[in-house]
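Commentary on secondary and tertiary structure
Each chain is listed here by its residues.
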Amino acid sequence: MSYRTEEVAYVQPAVQPAANVQATQRSTAEYRALDAAHHIHPFSDMGSLNRSGSRVIVKAQGVYLWDSEGNKIIDGMAGLWCVNVGYGRKELADAAYRQMQELPFYNTFFKTTHPPVIELSAMLAELAPEPFNHFFYCNSGSEGNDTVLRIVHQYWATQKMHSKKVVISRKNGYHGSTIAGGTLGGMGYMHEQMPSKVENIVHIDQPYFFGEAEGNLTPEEFALARAQQLEAKILEIGADNVAAFIGEPFQGAGGVIFPASTYWPEIQRICRKYDILLVADEVIGGFGRTGEWFAHQHFGFEPDLITLAKGLTSGYVPMGAVGLHDRVAKAIIEHGDFNHGLTYSGHPVAAAVALANLKLLRDEKIVERVKTDTGPYFQKKLRDTFANHPIIGEISGAGLVAGLQLAEDPKARKRFANGGDVGTICRDFCFNGNLIMRATGDRMLLSPPLVINKLEIDEIVAKAKYAIDATAQQLGIS
Ligand SMILES: *Cc1c(COP(=O)(O)O)cnc(C)c1O
């Protein structure tokens with residue numbers, strides 16, 4: 001007698017009529033009171049924030065946000081540099097919904113895998129430059145950079161170069177806010193509040209021409225000199241002790257600092273000469289921001305590891321990843337256990353959303369549009385609008401990312417004495433004008449969704465001009 005398992009047809013439970021998922025609608029005052037009572041915000045002075053009250057963002061579509069007062073705000077920052085495909089893309093919501101019903105979670109630790117993480121890895125290998133064929137997943141950019149340190153260490157162990165331990169990073173770089181990410185970053189105010197730091201991390205100076213170049217150096221000469229600090233540091237520590245150099249192709253949170261074209265080729269030359277791994281933190285630069293799929297392609301160099309997050313899912317759900325150059329991947333794959341992982345490494349819902357996001361970026365030719373159309377338009381519009389402006393000293397950027405340097409005397413490259421104060425004044429004018437433009441010290445930053453059109457670019461630039469003019473006026477400069 002043979003037993004045959006009865007095929008039980010899986011019956012999809014009927015979808016309930018839309019419950020009010022918007023939850024309770026409260027007044028702005030109620031939201032603010034509850035937020036102040038129970039929520040600690042990241043990177044904030046909670047005392048002063050609670051006195052002034054947060055802006056409550058309730059919905060978004062395309063490049064626009066709405067607050068609880070009904071104000072329509074244009075988002076010049078794509079959230080936090082991440083909403084590359086813009087808000088309200090149903091394809092991403094559908095991908096998450098379907099995946100949650102099919103397989104909401106399974107781990108990839110114990111000899112198991114699942115279709116979304118497989119498809120995503122194959123897709124990333126297709127989109128990334130040729131030598132990047134392997135990807136490790138995590139939940140954020142910070143965890144990506146923690147993972148980078150683990151991979152770098154394991155790589156040199158496999159090469160029997162156990163003394164190669166030091167990682168060289170840069171002042172005013174940003175690599176996240178775990179202890180490792182914060183230590184790699186060069187933000188002094190973060191270092192001051194860390195209980196302890198990761199060992200074997202040192203910093204060299206950043207290629208910030210406007211703020212730090214002395215004498216009559218050209219931007220190219222200055223960038224070359226800053227890159228050569230890497231060589232000096234390696235010689236000081238001893239090449240046998242240096243494992244890697246990490247940098248953002250352009251510094252994002254540090255102020256959209258774009259190094260001159262001489263910088264990255266020299267960094268690459270030095271890394272190769274002394275056998276040092278080169279890590280590009282592509283958390284902001286990746287997925288089209290400069291008009292290339294990855295920012296290292298814009299600057300023309302080939303890293304050994306790339307850190308990914310933000311635009312990987314357009315921020316719809318959290319996910320980070322590290323891409324390994326074949327050379328590094330081979331060493332990790334062929335040498336036994338790699339003792340690192342996170343419960344949600346390759347999370348199926350995040351992977352499904354990332355895949356849907358990458359398909360949109362590719363199939364709608366969003367990255368190409370940034371490169372050939374909207375990016376050049378945005379850059380030209382900014383340069384035309386702010387040429388000879390009395391408080392704009394420099395405009396940096398490419399594609400759909402830009403930094404505007406506020407300066408007391410633009411021609412003399414003289415910055416404001418209390419730069420951050422001027423940035424805050426300008427940011428407040430933007431806020432009141434319903435434009436999201438971020439201030440980092442005395443640099444104003446823009447990084448809109450990559451789906452932005454020319455009319456919307458005009459709106460951002462017009463609102464930025466209003467805010468910067470108002471700032472100059474308040475300072476009594478005209
Ligand atoms: C945002 C950012 C990170 C950190 O990512 P999280 O997801 O916030 O942990 C790391 N590197 C760079 C370049 C970033 O901009």
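Residues numbered from 1 in each chain as written. Predicted model: local features only at pLDDT ≥ 70, side-chain atom pairs only at ≥ 80, totals over all residues. Heavy atoms only, no water.

The next point concerns the domain arrangement of the chain. Examined at the domain level, the chain breaks down into domain 1 (57–88 + 366–475) and domain 2 (90–363). Distance between the C-alpha centres of domain 1 and domain 2: 26 Å. Each partner contributes to the interface: domain 1 provides 38 residues, whereas domain 2 provides 34 residues. Carbon and sulfur atoms make up 59% of the surface buried where domain 1 meets domain 2, a total of about 2800 Å² over both sides. (Domains from an automatic or database assignment. Contact = heavy atoms within 4.5 Å. Buried area = accessible area lost by both parts, 1.4 Å probe.)

Before going further, it helps to examine the sheet that holds strand E12 (residues 401–406). Reading across from one edge, E11-E12-E15-E14 is the order of the four strands in this open sheet, with antiparallel pairing throughout. At either end of the open sheet lies a strand with only one pairing partner, and these are strand E11 (392–398) and strand E14 (438–440). Strand-to-strand twist in this sheet, taken as the mean axis angle between neighbours without regard to direction, amounts to 25 degrees. In terms of strand pairing, E14 meets strand E15 (residues 443–446) through three bridges, oriented antiparallel. Counted as the bridge partner of Thr440 is Arg443 from E15. With respect to the sheet, helix H15 (residues 366–386) is in contact with E11, E12 and E15, its orientation differing from that of E11 by roughly 175 degrees. (Pairing = 2+ DSSP bridges. Helix = DSSP H or I, 4+ residues; strand = E, 2+ residues; numbered from the N terminus. Axes fitted to C-alpha atoms, helices over the stretch in contact; angles between N-to-C directions.)

Residues with a pLDDT of 70 or more make up 95% of the chain, whose mean pLDDT is 94. Low pLDDT (under 50) marks residues 1–8, which in the prediction has zero contacts with non-local residues, meaning those over four places away or in another chain. Low pLDDT, under 50, characterises residues 12–21; the predicted model gives this stretch two contacts beyond four residues in sequence or across chains. (pLDDT = per-residue confidence, 0-100.)

Attention shifts here to unusual backbone geometry. A positive phi is found at Ala78, a non-glycine position, where the angle reads about 45 degrees. For Ala78, the position within the fold is in helix H3 (residues 78–81). For Asn388, which is not glycine, the phi dihedral falls at a positive 60 degrees. On the secondary structure map, Asn388 appears in the loop between H15 and E11.

With that settled, consider the packing of aromatic side chains. For the coordinates displayed, the defined rule picks out eleven aromatic pairs. Relative to Phe222, the ring of Phe209 lies with its centre 5.8 Å away and its plane at 70 degrees, an arrangement referred to as edge-to-face. Of this pair, Phe209 sits in helix H9 (residues 209–212) while Phe222 is found in helix H10 (residues 219–237), placing the two residues 13 residues apart along the sequence. In this structure Phe209 comes out as buried when scored by relative accessible area, which is 17%. Its relative accessible area of 4% is what places Phe222 among the buried residues. Among the aromatic residues, ring-to-ring pairing joins Phe245, Tyr263, Trp264 and Phe301 into one connected group. Over the ring of Trp66 we find Lys59, and its NZ or CZ is 5.1 Å from the ring centre. A cation over an aromatic ring shows up here: Lys72 above the ring of Tyr64, its NZ or CZ 4.2 Å from the ring centre. (Phe/Tyr/Trp six-rings, centres within 6.5 Å; stacked < 30°, edge-to-face > 60°. Buried < 20%, exposed > 50% of the residue type's maximum accessible area, 1.4 Å probe, protein only. Lys NZ or Arg CZ within 6 Å of the ring centre and 35° of its normal.)

In this section: the environment of Phe301. Mapped onto the elements of the fold, Phe301 is located in the loop between helix H12 (295–299) and strand E9 (305–308). Distance from Phe301 to Pro448, taken between C-alpha atoms, is 25 Å for residues 147 residues apart in sequence.

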